[in-house]
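Letter by letter, the chains look like this.
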Amino acid sequence: MADVRMNLAWALLIGVPVLGGCASALTWEPKPQPERTRVEATEPLAPERRLAETEYLVQPGDTMYSIAFRKQVDFRELAEWNGVDGSFLIHPGQVLRLTPPDDAAPEAPVNGETARAPLTPPPSSSGSGRPVPLAVGPVGSAVGAAPLPSGAPAPAATPPPVAAAPPAAAPAAVHTPDKPPVLSELGWTWPTKGAIERGYNPAQGSKGLFFTGSIGQPVIAAAPGKVVYSGNALRGYGELVIIKHDEIHLSAYGHNSKRLVKEGDTVKVGQPIAEMGEGPERRPMLHFEIRERGQPVNPAKFLPTSR
């Protein structure tokens, strides 16, 4: 009987930690795993399907203007092809077509230009082929000047009234204290000081002008307008500012070290909009372009002949 009691006592002593271990095992919970990091707004999106060459997946930071600029199409046409209204509002993950629908009837080519889908606004150039000067309103915002229809007679000149108001003043130019900017007949000025290291030469891949200078020197608006893009999402342009001058013309200022304006800002000719930064070769540079209906054009047609 003593042996039985002894064995029972040993069993109880041995079983306590075993039971304790079992209880511990029953109440054990797995260590919580960290949640998967969500996709940040700066991360590129992946398409749900294979996109055609004529399609584009909207990424965070994209705008209708930046996409049209990247793809060298007219922003109004891009919006029209995709059923986007005048607000030009798009969202990440949206797939945009980069060509007109199959049922869009293209216009006949004019003066050797490529046929394009019909647009409501009038063209921007006269029969002479020179760009039309920007019409500047009271606040200095640029609007397109509507030319006369082809073949229409010019309106008869009417004599001014005796108490005619004085002619409208030239657009107010924001400038540095030392010297005001020189304006062309079309109301444009040079976007910065410095030598032109590389000119407009599409055959060699140059879509605009490349200015040299120093880091931080002012970059100014070449003409009055509205900032429609201010960011760094366009590869090859660095910190970029795009200004809309009318329904036809945009200007772009790339490789800045600092942007001084944001999207939606209205700027005047000569107003500082950025500071010069470094180009791809790690040297101070400004990449300046003028786009007409989405296509790069020679800035020499717009800028003053002297500086």
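As a starting point, this report considers the structure included with it. (Residues numbered from 1 in each chain as written. Predicted model: local features only at pLDDT ≥ 70, side-chain atom pairs only at ≥ 80, totals over all residues. Heavy atoms only, no water.)

### Re the overall build of the protein chain
Spelled out, the test is: Counting from the N terminus, the helices are DSSP H or I runs at least four residues long and the strands are E runs at least two residues long. Here's how the labels work: a residue is buried when its accessible area is under 20% of the maximum for its type, exposed when over 50%, partly exposed in between, all with a 1.4 Å probe on protein chains only. In what follows, a contact means two residues having at least one pair of non-hydrogen atoms within 4.5 Å. Throughout, the Shrake-Rupley method with a 1.4 Å probe supplies accessible areas, and for residues the shown protein chains are the sole cover considered.
Across its full length, the protein chain carries three helices and 14 strands. By residue count, 34% of the 307 residues in the protein chain fall in the buried class. Contacts spanning at least 24 positions in sequence make up 59% of the contacts within the protein chain whose residues lie at least 6 apart. Carbon and sulfur atoms form 59% of the exposed surface of the protein chain, whose accessible area is close to 18900 Å².

### Structural notes on the pairing of strand β12 (residues 272-278)
We apply this condition: Here a strand pair is declared whenever DSSP counts at least two bridges between the two strands.
Strand direction decides the pairing type here: strand β7 (residues 218-220) and β12, joined by three bridges, are antiparallel. Paired with P218 across the two strands is E275, which belongs to β12. One ladder, built from two bridges, connects β12 with strand β13 (residues 284-292); its direction is antiparallel. Within the sheet, the bridge partner assigned to E278 lies in β13 and is P284. Counting the residues that bridge the hairpin from β12 to β13 gives five residues, and of these R282 lies at a positive phi of roughly 65 degrees.

### A look at the side chain of N82
Of note, N82 is situated in the loop between α3 (75-81) and β2 (95-97). Dropping the residues within four chain positions of it, N82 is found in contact with V95, L96 and R97.

### Side note on the packing of aromatic side chains
Quick note on the threshold: Between 30 and 60 degrees the pair is tilted, below 30 it is stacked and above 60 it is edge-to-face, where a pair is any two Phe, Tyr or Trp rings, Trp via its six-membered ring, whose centres lie within 6.5 Å.
One pass over the structure, following the stated rule, counts seven aromatic pairs. Relative to F75, the ring of Y65 has its centre 4.8 Å away and its plane inclined at 45 degrees; by these criteria the two rings are tilted. Residue Y65 is located in helix α2 (residues 64-71), and its partner F75 is located in helix α3; the two are separated by ten residues in the primary sequence. The exposure class of Y65 is buried, given its relative accessible area of 11%. Overall, F75 belongs to the buried group, its relative accessible area being 3%. Taking 6.3 Å as the distance between ring centres and 80 degrees as the angle between the ring planes, the aromatic pair formed by W190 and F211 counts as edge-to-face.

### Concerning α2
Within α2, six of the eight residues are buried, leaving the element largely enclosed by the surrounding structure. Every buried residue belonging to α2 is among M64, Y65, S66, I67, A68 and F69, and all of these are buried. The positive-phi residue at the C-terminal boundary of α2 is Q72, with phi of around 55 degrees.

### Structural notes on the pairing of strand β8 (residues 225-231)
Among the seven residues in β8, six count as buried, and that is most of the element. Across five bridges, β8 lies against strand β9 (residues 239-244) in antiparallel orientation. Bridging from a neighbouring strand, S230 pairs with V241 of β9.

### Topic: the pattern of salt bridges
What counts is decided by this rule: Within this document, salt bridges are pairs made up of a side-chain nitrogen of Lys or Arg and a carboxyl oxygen of Asp or Glu, the two lying within 4 Å of each other.
Here the structure, examined in full by the defined rule, presents nine salt bridges. A salt bridge links R70 to D62; the shortest N-O distance between them is 3.8 Å. A salt bridge links R291 to E289; the nearest nitrogen and oxygen atoms lie 2.8 Å apart. For R291, a relative accessible area of 2% translates into the label buried. When salt bridges with common partners are traced through the structure, they connect E197, E281 and R283 into a single cluster.

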